[in-house]
Amino acid sequence: GQQLNQSPQSMFIQEGEDVSMNCTSSSIFNTWLWYKQDPGEGPVLLIALYKAGELTSNGRLTAQFGITRKDSFLNISASIPSDVGIYFCAGLDLNAGNMLTFGGGTRLMVKP
Amino acid sequence: NAGVTQTPKFQVLKTGQSMTLQCAQDMNHNSMYWYRQDPGMGLRLIYYSASEGTTDKGEVPNGYNVSRLNKREFSLRLESAAPSQTSVYFCASSVGYRGQNEKLFFGSGTQLSVL
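Residues numbered from 1 in each chain as written. Chains lettered and ligands numbered in written order. Predicted model: local features only at pLDDT ≥ 70, side-chain atom pairs only at ≥ 80, totals over all residues. Heavy atoms only, no water.

**Focus on unusual backbone geometry**
Right, so step 1: Residues Ser7 of chain A and Pro8 of chain A are joined by a peptide bond in cis, for which omega reads -5°.
Right, so step 2: As for its position among the elements, Pro8 of chain A is in the loop between β1 (4-7) and β2 (10-14).
Right, so step 3: The linkage connecting Thr7 of chain B with the following residue, Pro8 of chain B, adopts the cis geometry, with an omega of -5°.
Right, so step 4: With respect to the helices and strands, Pro8 of chain B occurs in the loop between β1 (4-7) and β2 (10-13).
Right, so step 5: A positive phi angle, close to 70°, is found at Arg69 of chain A, a residue other than glycine. (Helix = DSSP H or I, 4+ residues; strand = E, 2+ residues; numbered from the N terminus.)

If you want it as structure tokens, here you go:
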């Protein structure tokens, strides 16, 4: 099946720092999605990307759909304590069963 | 707005016991899904219902059954629980199943332990 490698798996950062995480795939996707999961809750959609090269922002979050369509990046600027959680990327291949494939998640921990 | 509601929140089963996880959404969504989340493995699709009256297997369907009771409700049943089914289960819904409607709305999860 399709594989999504998400990195890093976890990270500690200092409040105010910028954060970068990425996902790479063994196959091409039509759509990339980024979700955040707070402790004890379900994932919530942050950003959706639909075209290669697309760059989309949501407040302090910026995500990009890679030119090769096999990767995506999420950046968080000026991190704050409420950014703590697990960030998941997800890819959709319309030619492969139309099911979302999720990455393993990046656990973000912020030092106050 | 309740969104997607799952019950129960926590459950402990003994091997061989059966149980049903309930899910309901109030957003008039057509498609509903059941995922399981295991550490470091992201979310894996168990079953989905693209529309009322249809259900299909996902990536990891073995040991599970589902019922799309009506447009609002989608239940997941474990007939004979096994320790390998210890996981956090999430129900989700989306407006539709193709194109830009794949944005999922998740419930808050059920933490299941099978001893």
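**Structural notes on the nonpolar core**
Right, so step 1: Counting residues in each nonpolar core, the largest one holds 21 residues, and the members touching the most others are Trp32, Trp34, Leu74 and Leu108 of chain A.
Right, so step 2: Ranked by size, the runner-up nonpolar core spans 20 residues in total, among them Leu21, Trp34, Ile46 and Val114 of chain B. (Core = buried A, V, L, I, M, F, W, Y, C linked by side-chain atoms within 4.5 Å. Buried < 20%, exposed > 50% of the residue type's maximum accessible area, 1.4 Å probe, protein only.)

**Thoughts on the state of the cysteines**
Right, so step 1: All told, the structure shown has two disulfides over all chains when counted by the stated rule.
Right, so step 2: Sulfur-sulfur distance for the disulfide between Cys23 of chain A and Cys89 of chain A comes to 1.6 Å. Handedness here is read from the sign of the S-S torsion; for Cys23 of chain A and Cys89 of chain A, about -75°, the answer is left-handed. Of this pair, Cys23 of chain A sits in strand β3 (residues 19-25) while Cys89 of chain A sits in strand β9 (residues 85-92), and the two are 66 residues apart along the sequence.
Right, so step 3: Note on Cys89 of chain A: relative accessible area 0%, which makes it buried.
Right, so step 4: With its sulfur 1.9 Å from that of its partner, Cys23 of chain B forms a disulfide with Cys91 of chain B. Here Cys23 of chain B and Cys91 of chain B share a disulfide; its torsion about the S-S bond, -75°, makes the bridge left-handed. A residue pair is termed long-range when its members are at least 10 positions apart, and Cys23 of chain B in strand β3 (residues 19-25) and Cys91 of chain B in strand β9 (residues 87-94) qualify at 68 residues. Each of the two residues, Cys23 of chain B as well as Cys91 of chain B, counts as buried. (Disulfide = S-S within 2.5 Å.)

**Some details on the packing of aromatic side chains**
Right, so step 1: Tallying each qualifying case throughout the model produces 11 aromatic pairs over all chains.
Right, so step 2: Between Phe102 of chain A and Tyr35 of chain B, the ring centres sit 5.5 Å apart and the planes meet at 80°, which makes this aromatic pair edge-to-face. On the criterion of chain membership, the pair formed by Phe102 of chain A in strand β10 (residues 100-102) and Tyr35 of chain B in strand β4 (residues 31-37) is interchain, its members lying in two chains.
Right, so step 3: Relative accessible area serves as the criterion here: at 1%, Tyr35 of chain B is assigned to the buried category.
Right, so step 4: Aromatic pair Tyr33 of chain B and Tyr48 of chain B: ring centres 6.5 Å apart, planes at 25°, arrangement stacked. On the criterion of sequence distance, the pair formed by Tyr33 of chain B in strand β4 and Tyr48 of chain B in strand β5 (residues 43-49) is long-range, its members being 15 residues apart.
Right, so step 5: Each residue in the set Tyr35, Phe88 and Phe102 of chain A together with Tyr33, Tyr35, Tyr48, Phe90 and Phe106 of chain B is aromatic and connected to the rest through ring pairs, giving one cluster. (Phe/Tyr/Trp six-rings, centres within 6.5 Å; stacked < 30°, edge-to-face > 60°.)

**So, the interface of chain A and chain B**
Right, so step 1: On the side of chain B, 22 residues touch chain A, which itself brings 20 residues to the contact.
Right, so step 2: For the chain A and chain B pair, buried surface summed over both sides reaches about 1,600 Å², with 58% attributable to carbon and sulfur atoms.
Right, so step 3: The tally of links between chain A and chain B comes to zero salt bridges.
Right, so step 4: Seen at the junction of chain A and chain B, the total is four residue pairs in polar contact (both at pLDDT 80 or more).
Right, so step 5: In terms of residue count, strand β4 (residues 31-37) of chain A provides more of the side of chain A that touches chain B than any other element does, three residues in total.
Right, so step 6: Of the residues that constitute the side of chain A that touches chain B, the class distribution is 12 nonpolar, seven polar and one charged. (Contact = heavy atoms within 4.5 Å. Buried area = accessible area lost by both parts, 1.4 Å probe. Salt bridge = Lys/Arg side-chain N within 4 Å of Asp/Glu carboxyl O. Polar contact = N/O pair within 3.5 Å; in protein donor to acceptor, adjacent residues only side chain to side chain. Nonpolar A, V, L, I, M, F, W, Y, C, P; charged D, E, K, R; others polar.)

**Let's talk about the sheet that holds β1 of chain A**
Residues and elements named next belong to chain A.
Right, so step 1: Strand order in the open sheet made by the five strands is β1-β3-β8-β7-β6, with antiparallel pairing throughout. Only two strands of the sheet have a single neighbouring strand rather than two, namely β1 and β6 (55-58). Taking the axes of each pair of neighbouring strands and ignoring which way they run, one obtains an average angle of 15° across the sheet.
Right, so step 2: By the bridge criterion, five bridges tie strand β7 (residues 61-65) to strand β8 (residues 71-76) in an arrangement that is antiparallel. By the bridge assignment, Gln64 is partnered in β8 with Phe73. (Pairing = 2+ DSSP bridges. Axes fitted to C-alpha atoms, helices over the stretch in contact; angles between N-to-C directions.)

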